[in-house]
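Observations on chain architecture
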Amino acid sequence: MADVSVIVALYNKEKYIARALDSVLRQTWNDFELIVVDDGSTDGGPGIVGSYRDSRLRLIRQKNAGPGAARNRGIRESSAPYVAFLDADDEWLSVFLETSLSRLRNNPDCDVACAGYYHGPDPVSIEDYFRAWGITDGPWRLPTDLDPRRMKKAVEALWTSTVLCRRDVLERFRGFYAKARCSYGEYIYLW
């Protein structure tokens, strides 16, 4: 069994999927399984995934049901004790899995490791956003008395492509919101 299950939900991202997969395959931590769930794509994305020859990679196809449903299918098909998600149009720095896994293993009371990220083509770090909402480096707990607006901003900081979490958390909270073919913000309900 691999240490980490990487789940990529794919829907009509032919232009980006190779970049996303290459960023996973370049990880410095390479004990992972890579599960791509094609959510009913109508473009050439699944063909690109199928062209990869790596024993860690599996392509699963389903009818279009939305990103939450695709991620949940990936969770059900996966087996590792840690799970990471990558959107098909995102990419990781090569140390993402190694750094995130190390942080979780060194902090057994934490359930989720979240990294900062770059938004858009300019390398402007999102760390200032985190700090503006009181989120610091290292272990951080969401205060129970936090103002609802601040809580929403703190939860939104957990962008799915930047998260590595313990499998039991996903199972306990039953995965991503997947009702009514929700296509945006489905991750907020989980995080």
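Within every chain, residues take consecutive numbers counted from 1 along the sequence as written. Owing to the predicted nature of the model, reporting of local features is limited to residues with pLDDT of at least 70; listing and counting of side-chain atom pairs is limited to 80 or more, with chain, interface and lining totals taken over all residues. Side-chain measures were taken over the full set of non-hydrogen atoms in the model, leaving aside hydrogen atoms and water.

Right, let's get into the packing of aromatic side chains. Side-chain rings of Phe, Tyr and Trp, where Trp is taken by its six-membered ring, are said to pair if the distance between their centres is within 6.5 Å; with planes under 30 degrees apart they count as stacked, over 60 as edge-to-face, and otherwise as tilted. Counting across every chain of the model gives 1 aromatic pair. Look at W92 and F96: their rings are 4.5 Å apart centre to centre, the planes differ by 25°, and that puts the pair in the stacked class. Only protein chains enter the accessibility calculation, which uses a 1.4 Å probe. A residue is then buried if its area is under 20% of the maximum for its type, exposed if over 50%, and partly exposed in between. Take W92: its relative accessible area is 6%, and that puts it in the buried class. By relative accessible area, F96 is classed as buried at 9%.

Right, let's get into a nonpolar patch on the surface. Only residues whose relative accessible area exceeds 30% and that form no salt bridge enter a patch; like-charged residues are grouped when within 9 Å of one another, and nonpolar side chains (Val, Leu, Ile, Met, Phe, Trp, Tyr) when within 5 Å. Surface exposure here means Shrake-Rupley accessible area, sampled with a 1.4 Å probe, where a residue is shielded only by the protein chains that are shown. Should a side-chain nitrogen of Lys or Arg be within 4 Å of a carboxyl oxygen of Asp or Glu, the pair is scored as a salt bridge. On the surface, L93, V95 and Y118 cluster together to form a nonpolar patch covering roughly 320 Å² of accessible area. Secondary structure is summarised from DSSP: a helix means a run of H or I of at least four residues, a strand means a run of E of at least two, and numbering begins at the N terminus for each. Structurally, V95 is set in the loop between β4 (82-85) and α4 (96-106). Among the residues examined, V95 registers a relative accessible area of 38% and is labelled partly exposed.

The full count for this structure, using the stated rule, is 12 salt bridges. Its salt-bridge partner being R19, residue E91 comes within 3.5 Å of it at the nearest N-O pair. Here R19 lies in helix α1 (residues 17-25) and E91 lies in the loop between β4 and α4, a separation of 72 residues in the sequence. Assessed through its relative accessible area of 33%, R19 is described here as partly exposed. The partner of E77 in a salt bridge is R58, and the shortest N-O contact between them spans 3.8 Å.

Turning to the side chain of S100, a few remarks are in order. By secondary structure assignment, the location of S100 is in helix α4. A relative accessible area of 6% means that S100 is categorised as buried. The contact rule is simple, with two residues in contact once any of their heavy atoms fall within 4.5 Å. In contact with S100, other than residues within four places in its own chain, are A113 and L164.

Turning our eyes to something else, we now look at the environment of G66. Mapped onto the elements of the fold, G66 is located in the loop between β3 (57-62) and α3 (67-77). Classification of G66 by relative accessible area gives buried; the value is 6%. Between the C-alpha atom of G66 and that of G40, which follows or precedes it by 26 residues, the distance is 9.1 Å.

Moving on, we come to the sheet that holds strand β6 (residues 163-166). When DSSP finds two or more bridges between a pair of strands, those strands are recorded as paired. The strand order across the open sheet built from 6 strands is β3-β2-β1-β4-β6-β5, with neighbouring strands paired in mixed fashion. Because the sheet does not close on itself, it has two edges, and the strands there are β3 and β5 (112-114). With strand direction ignored, the average angle separating the axes of adjacent strands in the sheet is 20°. Pairing of strand β1 (residues 4-10) with β4, which is carried by 4 bridges, proceeds in the parallel orientation. Each bridged residue has a counterpart across the sheet, and for V4 the counterpart in β4 is Y82. On top of the sheet, α4 reaches β1, β2 (32-39), β4, β5 and β6; it is set at about 40° to β6, its chief contact. Axis lines are fitted through C-alpha atoms, for helices just across the contact stretch, and the angle between N-to-C directions can take any value from 0 to 180 degrees.

Turning to unusual backbone geometry, a few remarks are in order. Its identity as a non-glycine residue notwithstanding, N12 has a phi of 50°, on the positive side. Along the chain, N12 turns up in the loop between β1 and α1.

Throughout this description, the term nonpolar core refers to a set of buried Ala, Val, Leu, Ile, Met, Phe, Trp, Tyr and Cys residues connected via side-chain atoms within 4.5 Å. Core analysis: the biggest nonpolar cluster contains 26 residues, and V4, V6, V8, L34, W92, L97 and L164 have the highest contact counts within it. Listing elements by their share of this core, those giving two or more residues are β1, α1, β2, β4 and α4. Not counting residues up to four positions away in its chain, the partners in contact with W92 are V6, S23, V24, Q27, A84, F85, L86, L97 and S161. Listed in part, the 8 residues of the second largest apolar core include I7, V83, L158 and V163.

Burial along β6 is two-sided: the face carrying V163 and C165 and the face carrying L164 and R166 are both buried. Inspection of the sheet shows β4 paired to β6 by 3 bridges, in the antiparallel sense. Residue A84 lies in a different strand from β6, and its bridge partner there is L164.

These figures come from the coordinates and say nothing about function on their own.
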